[in-house]
Amino acid sequence: MKFVGIRRVFSTENEGQYVTIGAFWDELSKVYGRENLMGLGFNWTSNSIEYVMALKDGVIADANYEIMLPDEWILACGKTENLSEIYDEIYKDGPLLYEIEEFDDKGNCKIRYCR
């Protein structure tokens, strides 16, 4: 699976990535619509995460990053308001290689991940 989008690096210090990645989602949602986007998290370090926003269909304007991803994923779904609990469950078995997040304006989320 080829993932093509806009890449940014966010600080994970004091869990600050939740605010900054959320702002990135809000910024691109104004242009493309939240339900048309997906976000890829990967390459976690002790103080940062790489994150790429892409379109579910097509290629996002000003794309600056391309990565080939595995074909096999585990799926978790739920309500965005329960995102912390969803991630607690996902991470209980250890760190991830990649995660792909999808959100809608009705408060639902879908997380695909692989180790």
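None of the values given here were measured: they were computed from a predicted structure.

Peer 1: Where do I start with the environment of Glu35 in this structure?
Peer 2: Structurally, the position occupied by Glu35 is in the loop between α1 (17-32) and β2 (37-42). Here the alpha-carbon distance between Glu35 and Cys109, two residues 74 residues apart in the chain, equals 9.9 Å. Contacts of Glu35, omitting those with residues within four sequence positions, involve Lys56, Phe103, Asp104 and Asp105.

Peer 1: Help me understand the confidence of the model for the chain in this model?
Peer 2: Where the model shows low pLDDT, its predicted coordinates should not be examined in detail. Looking at the chain as a whole, its pLDDT mean stands at 95, while 100% of the residues score no less than 70. Mean pLDDT values for the elements of the chain range from 92 in helix α2 (residues 83-91) up to 98 in β2.

Peer 1: In this structure, what is going on with the environment of Ser29? I would like to understand it.
Peer 2: Summarising the element assignment, Ser29 is placed in helix α1. The exposure class of Ser29 is buried, given its relative accessible area of 12%. Distance from Ser29 to Asp105, taken between C-alpha atoms, is 10.0 Å for residues 76 residues apart in sequence. Apart from the residues lying within four places of it in its own chain, the contact partners of Ser29 are Arg34 and Leu37.

Peer 1: How do you make sense of the sheet that holds strand β3 (residues 48-55) when you look at a structure like this?
Peer 2: In any sheet, the strands associate via hydrogen bonds between backbone groups, in a parallel or an antiparallel arrangement. Strand order in the open sheet made by the seven strands is β4-β1-β3-β2-β6-β7-β5, with antiparallel pairing throughout. For this open sheet the edge positions go to β4 (65-68) and β5 (74-79), each flanked by a neighbour on one side alone. Averaged over all pairs of adjacent strands, the angle between strand axes in this sheet comes to 30 degrees, irrespective of strand direction. Bridging between β5 and strand β7 (residues 108-114) involves six bridges; their strand directions are antiparallel.

Peer 1: So what exactly am I meant to see when it comes to the pattern of salt bridges here?
Peer 2: Any two side chains of opposite charge can pair if their charged atoms end up close together. A complete count under the given rule lists nine salt bridges for this structure. Of the charged contacts in the structure, one is a salt bridge between Glu66 and Lys2, with a shortest N-O distance of 3.6 Å. Of the two residues, Glu66 sits in strand β4 while Lys2 sits in strand β1 (residues 2-11), which places them 64 residues apart along the sequence. Each of the two residues, Glu66 as well as Lys2, counts as exposed. Salt-bridge contacts for Glu27 lead to Arg8; the nearest nitrogen and oxygen are separated by 3.0 Å. Within this pair, whereas Glu27 is found in helix α1, its partner Arg8 is found in strand β1, the two being separated by 19 residues in sequence. Counted as one network, the salt bridges with shared partners bring together Lys56, Glu102, Lys110 and Arg112.

About the criteria used
- Residues numbered from 1 in each chain as written.
- Predicted model: local features only at pLDDT ≥ 70, side-chain atom pairs only at ≥ 80, totals over all residues.
- Heavy atoms only, no water.
- Helix = DSSP H or I, 4+ residues; strand = E, 2+ residues; numbered from the N terminus.
- Contact = heavy atoms within 4.5 Å.
- pLDDT = per-residue confidence, 0-100.
- Buried < 20%, exposed > 50% of the residue type's maximum accessible area, 1.4 Å probe, protein only.
- Pairing = 2+ DSSP bridges.
- Axes fitted to C-alpha atoms, helices over the stretch in contact; angles between N-to-C directions.
- Salt bridge = Lys/Arg side-chain N within 4 Å of Asp/Glu carboxyl O.

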